[in-house]
Protein chains: 2
Amino acid sequence: MTTIQDVAKHAGVGAATVSRVLSGNGYVKQTTRERVMRSIEELNYTPNEMARNLFHGKSGIVAVIIPELSHPFFSEMVSAIEVGLCNLGYQTMVCNTFYEKNYELRYLEMLKRQRVDGIIFGAHTSLAAEMYQELQRPVIGLDRRLADTIPLVAADHVAGGRMAAEELIRSGCRNVVQFGEVEDSVITPASQRHFVFRKVVEANGVTCSAYPKQPSYSAYNTYQEAAARLFSEHPDVDGIFGTDLYAAACLQYALCHGIRVPEDVKIIAYDGTHITRFLNPDMTTICQPIQELADESVRLITELIKGNTIHEKEIILPVRLRRGNTTTGNAAAESTETDSTAALLQQ
Amino acid sequence: MTTIQDVAKHAGVGAATVSRVLSGNGYVKQTTRERVMRSIEELNYTPNEMARNLFHGKSGIVAVIIPELSHPFFSEMVSAIEVGLCNLGYQTMVCNTFYEKNYELRYLEMLKRQRVDGIIFGAHTSLAAEMYQELQRPVIGLDRRLADTIPLVAADHVAGGRMAAEELIRSGCRNVVQFGEVEDSVITPASQRHFVFRKVVEANGVTCSAYPKQPSYSAYNTYQEAAARLFSEHPDVDGIFGTDLYAAACLQYALCHGIRVPEDVKIIAYDGTHITRFLNPDMTTICQPIQELADESVRLITELIKGNTIHEKEIILPVRLRRGNTTTGNAAAESTETDSTAALLQQ
């Protein structure tokens, strides 16, 4: 492969001169410029974005850091981000942190050395916000609150938690379990839904138990094991709230064990990835606006890369309830008091 | 952000000198070297992989080109590839082609300009192999036969098609339908399974009908529509073979319409992504070795990047049957004649 050095040697100039020709920045004598262009042509050298970008301090690459690309929520999100970035001429570098601090540190080191123009950060982090600020390049938090100076794009998880609670209450549940509420875990905007869910159901006299989410997604069995444990430890459960895969595993367990859904137990999923569309009975789901989250993330990061100021500190996008047949709520009974949520969070 | 030019200006040298200091290649006077190092330190300049790589003709980036990252098969694959590449110090750039020639062309243009060290190509392509060879950098085909000179990593789809056919035959099917067999579509190694499937079932006196696969995955409804059309046009179908999402949609349709699985209709899925683990009854599946396909792709591309010769033109990895409750075959009846497959393909 022809390098900038080959061109420089062929043209009898320094590599920096070739770069100046490529970038159009800095003075190059007309005869030298023509000699360099001839060498570029003769050697079939592709005017290299790296060479150009090096001298502009730009790579044309945006890094997307997420916990686990194979998780349906993140694969649908990163796919949408990639399309958005590609349409604006950027390329997408993907980084899986697997909920591991060590992986996260490794990527931060790589990203320090490898110039990326910006970072969309959607992993769970336990690192200090300063570490991201030290990168000295645009960062946005996708469903992650990193620092006051770093814009956040997230779904309205407060509304999501409330809507899930209200749907189970409307369906007559008295004894619900949710997956994901953990006292000492990393607090992300998404964890708000669990606090709100508990507050709303308990305010309605419904018992609420909780299981922590597992750290990693790859081992499918753990979802099935979590479902089995739930039904064994809570034989009287009549309502379940969990992300798509927890909800799917609970539905599978129930149907395999003669527990009727929705007659004996109601289930409501959270996220709305493809798996919720292929189940039977079809799953009632709080859907995150994945496409819109991706679009806003792309818009913010590319604005920051262009050096523009972002005035919005937070962009919170609405979620919606897609009612299937795993709950028995009905549209007529839906609450219209949406402004009570803020009050709930204040309590 | 500090650029190499800032360092050069601060040190009173050319950018090429800074790059020589960074890369350790080429002569730089000791006093100049020290002056550059001081400037790097004072300006808190991160020794930039781009700068170093530019002069080595390397970026440390591998591009992975696939049809659609949000499809479970590709998201699980790319996730595993990313982990493998990261462990070897490479970063992963992801490119969705959406089965569109225009997207593919756009990426090829981008990749010409943006120096990536190698390409793992797993998209459906209708471009000439020469276009990939013109990139003049290492390429491997992941489940795609691009050219004789480009190594291929693929699952043993011939065995996969045969195993699916034999399982439906063992389950007593007389009238089967498969999704994905298209006369004039792009021929990939994966399409072999459809030819083999038809040959094996027809050799056993079983009727075989076929539906084409839809081009894109994002619109979930089309799977459900395909399932509805199948049952409407083939009311006597008693065996179905399709990728995970087709199989899941058919299972869902059958259960919603009082068609018993496996009593009335048997279903066997192909791929083995996470969705097949969350269904009820649990889905009989031909599982592709996703982790091994990723591992071999990473091994081959990084060997080629290092300039090593690959002696294997093709790496074909075994698939396996995971028997669930959507078929009624049993292990005792399984054929052990695996070498008849080659003969079948010759016919």
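### A short note on the overall build of chain A
- Tallying secondary structure elements over chain A gives 13 helices and 12 strands in all.
- For chain A, the proportion of its 347 residues judged to be buried stands at 60%.
- Considering only intrachain contacts with a sequence separation of at least 6, the fraction spanning at least 24 residues in chain A is 68%.
- Total accessible area on chain A is roughly 13,700 Å²; 49% of this is exposed by carbon and sulfur atoms.

### A word on the environment of alanine 210 of chain B
All names here are of chain B.
- Topologically, alanine 210 is positioned in strand E7 (residues 207–211).
- What makes alanine 210 partly exposed here is its relative accessible area of 32%.
- The spacing of alanine 210 and phenylalanine 241 is 31 residues in sequence and 9.5 Å in space, taken between C-alpha atoms.
- Not counting residues within four places of it along the chain, the set of residues in contact with alanine 210 comprises Gln178, Glu181 and Arg198.

### Notes on the sheet that holds strand E12 (residues 320–322) of chain B
Residue and element names in this part refer to chain B.
- Taken together, the six strands give an open sheet; going across it, the order is E7-E6-E8-E9-E10-E12, and neighbouring strands pair in mixed fashion. Lying at the two open borders of the sheet, with one neighbouring strand each, are E7 and E12. Taking the axes of each pair of neighbouring strands and ignoring which way they run, one obtains an average angle of 20° across the sheet.
- Alignment of strand E6 (residues 175–179) against strand E8 (residues 239–243), held across three bridges, turns out to be parallel. In the strand pairing of E8, valine 177 is matched with isoleucine 240.

### Describing the packing of helix H6 (residues 101–113) of chain A against helix H5 (residues 72–87) of chain B
- Remark: H6 of chain A packs on H5 of chain B, axes separated minimally by 12 Å, with the N-to-C direction vectors making an angle of 65°. Accordingly, the angle class assigned to the pair H6 of chain A and H5 of chain B is roughly perpendicular. As for the relative orientation of H6 of chain A and H5 of chain B, their crossing is left-handed in sense. From H6 of chain A, Arg106, Tyr107 and Met110 of chain A reach across to H5 of chain B, where they touch Glu82, Cys86 and Asn87 of chain B.
- Looking at side-chain class alone, the contact of H6 of chain A with H5 of chain B contains three nonpolar, one polar and two charged residues.

### Describing helix H6 (residues 101–113) of chain B
- Taking 1.5 Å per residue as the helical rise, H6 of chain B with its 13 residues ought to reach 18 Å, and the 19 Å between its terminal C-alpha atoms agrees with that figure.
- Those residues of H6 of chain B not exposed but buried are Glu104, Tyr107, Leu108, Met110 and Leu111 of chain B. All buried residues of H6 of chain B project into a common sector of 165° when viewed along the axis, lining one side.
- In this structure, the buried residues of H6 of chain B make contact with helix H5 (72–87) and strand E2 (91–96) of chain A together with strand E1 (61–66), strand E2 (91–96), strand E3 (118–121) and helix H7 (129–133) of chain B.

### Quick look at the confidence of the model for chain A
- Within chain A, residue pLDDT values average 85, and 86% of them lie at 70 or more.
- Note on residues 336–342 of chain A: pLDDT is under 50 here. Beyond four places in sequence and across chains, it has four contacts.

### A look at the packing of helix H10 (residues 221–233) of chain A against helix H11 (residues 244–256) of chain A
All names here are of chain A.
- The N-to-C vectors of H10 and H11 enclose an angle of 60°; their axes lie 8 Å apart at closest approach. On the basis of the axis angle, H10 is oblique to H11. Judged by the sense of rotation from one axis to the other, the crossing of H10 with H11 is right-handed. Contacts between H10 and H11 pair Tyr223, Gln224, Ala226, Ala227, Ala228, Leu230 and Phe231 from the former with Leu245, Tyr246, Ala249, Cys250, Gln252, Tyr253 and Ala254 from the latter.

### Remarks on unusual backbone geometry
- Cis geometry marks the peptide bond from valine 261 of chain A to proline 262 of chain A; its omega dihedral reads 10°.
- Among the structural elements, proline 262 of chain A can be located in the loop between H11 and strand E9 (266–271).
- Between asparagine 280 of chain B and the following residue, proline 281 of chain B, the backbone shows a cis peptide bond with an omega angle of -5°.
- Residues other than glycine seldom take positive phi values, yet aspartate 143 of chain A does so here, at roughly 65°.

Conventions and cut-offs
Residues numbered from 1 in each chain as written. Chains lettered and ligands numbered in written order. Predicted model: local features only at pLDDT ≥ 70, side-chain atom pairs only at ≥ 80, totals over all residues. Heavy atoms only, no water. Helix = DSSP H or I, 4+ residues; strand = E, 2+ residues; numbered from the N terminus. Buried < 20%, exposed > 50% of the residue type's maximum accessible area, 1.4 Å probe, protein only. Contact = heavy atoms within 4.5 Å. Areas by Shrake-Rupley, 256 points an atom, 1.4 Å probe, with all protein chains shown as cover. Pairing = 2+ DSSP bridges. Axes fitted to C-alpha atoms, helices over the stretch in contact; angles between N-to-C directions. Parallel < 35°, antiparallel > 145°, perpendicular 65-115°, else oblique. Left-handed = near helix turned anticlockwise from the far one by under 90°. Nonpolar A, V, L, I, M, F, W, Y, C, P; charged D, E, K, R; others polar. Expected span 1.5 Å × (residues − 1). Arc of directions from axis to C-beta. pLDDT = per-residue confidence, 0-100.

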